Amino acid sequence: MTLAGAFKSSSLISWKSTGKLQQTLAKCIERTGKALHSGSTSTVKISPESAGVGRYFVCRSRLIPASIEFVRESPLCTTLHKDGHSVWTVEHVLSALEATGVDNCRIEVTSSDSEGPSVEVPILDGSAREWVEAIEQVGLKVAIDQGGNSCEKMAPFLNETLHVRKNDSFVAAIPSLEVHITCGIDFSQVPAIGCQWFSSFSVGDSFYAKQIAPSRTFCIYEEVERMRNAGLIKGGSEENAIVCRTPLLRFGAIAEDCILI
């Protein structure tokens, strides 16, 4: 089963009140930067929105809800697609909005490439850190609906264990009264990364901002040319990605390093 299928399954998920009220931004946020794949310069303006509206993107005057129902498979990024229009590389900004508790907002994306039905969110430093900092700078407020009323915040709760696997990657979610995160990576072809594991004992208010948001995009140096030939990472640079070399035989010695480009 896919993650999309899980969230559509009435047996796996129960929506329950969190005991909190829905929130939105206290003020607008605007950031401009280079898009990772298209290489275009794009601007994102995130504005407060009414309770019950949720999070949604505005692409070429078209609305695309930030919902798993509109996810389209795409290489090396998460893409939302609706009615012939797409917004690329949404993962970092949506991760930051969810983690910081922004339940309702309008996310308008404009690009220096004024033609075409697609836009791309700027990659910034290759992580969610700058989005978190921008949200913390303006703060949050309780969202109210068109009638001036606040609304309770609902969240999905797992009813049973869920496993999702693709090739050699997998996600397992287990019902729990508290949130705990364990993640690992085995990148033996790049010794600078190697095999790493991380587990959280508790997830407090600052956990995401300190432990998850700064995690940056990375790739293998030998794959860079292939990705560029495929029309990807046109905006990649030392400012937004970590590029790791695999061991190379040079003058009879093994060079093992991790570099920024």
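Throughout what follows, the structure given in this document is the object of discussion. (Residues numbered from 1 in each chain as written. Predicted model: local features only at pLDDT ≥ 70, side-chain atom pairs only at ≥ 80, totals over all residues. Heavy atoms only, no water.)

Of the residues making up helix α2 (residues 91-100), those classed as buried are His92, Val93, Leu94, Ala96 and Leu97. Positive backbone phi, at 90°, marks Gly101, one or two positions downstream of α2. (Buried < 20%, exposed > 50% of the residue type's maximum accessible area, 1.4 Å probe, protein only. Helix = DSSP H or I, 4+ residues; strand = E, 2+ residues; numbered from the N terminus.)

Per the stated rule, a full pass over the model turns up one aromatic pair. The side chain of Lys16 reaches across the aromatic face of Phe157, ending 5.4 Å from its centre. (Phe/Tyr/Trp six-rings, centres within 6.5 Å; stacked < 30°, edge-to-face > 60°. Lys NZ or Arg CZ within 6 Å of the ring centre and 35° of its normal.)

Before going further, it helps to spend a moment on a nonpolar patch on the surface. A contiguous nonpolar surface patch, about 250 Å² in accessible area, is contributed by Leu21, Val142 and Ile144. Within the secondary structure layout, Ile144 lies in the loop between β12 (140-142) and β13 (152-158). (Patch = residues over 30% accessible without salt bridge, like charges linked within 9 Å, V, L, I, M, F, W, Y side chains within 5 Å. Areas by Shrake-Rupley, 256 points an atom, 1.4 Å probe, with all protein chains shown as cover. Salt bridge = Lys/Arg side-chain N within 4 Å of Asp/Glu carboxyl O.)

All right, on to the sheet that holds strand β6 (residues 62-65) then. The mixed open sheet is built from five strands, whose spatial order is β3-β4-β10-β5-β6. Strands with a single pairing partner mark the edges of an open sheet, and in this sheet they are β3 (29-34) and β6. Averaged over all pairs of adjacent strands, the angle between strand axes in this sheet comes to 20°, irrespective of strand direction. Pairing between strand β5 (residues 55-59) and strand β10 (residues 105-111): five bridges, direction parallel. Bridged to Tyr56 within β10 is Arg106. Here α2 sits on the sheet and contacts β4 (41-48), β5 and β10; the angle it forms with β5, its principal contact strand, is near 150°. Contacts from helix α3 (residues 129-138) reach β3 and β4 within the one sheet, and its direction differs from that of β3 by about 160°. (Pairing = 2+ DSSP bridges. Axes fitted to C-alpha atoms, helices over the stretch in contact; angles between N-to-C directions. Contact = heavy atoms within 4.5 Å.)

What follows is about the sheet that holds strand β11 (residues 118-120). Taken in spatial order, the four strands line up as β7-β8-β9-β11 in an open sheet, and their pairing is mixed. Each of the sheet's edge strands pairs with one partner strand only, and the pair in question is β7 (71-72) and β11. Here β7 runs beside strand β8 (residues 79-82); their pairing, made up of two bridges, is antiparallel. If you follow Arg72 over to β8, its bridge partner there is Thr79.

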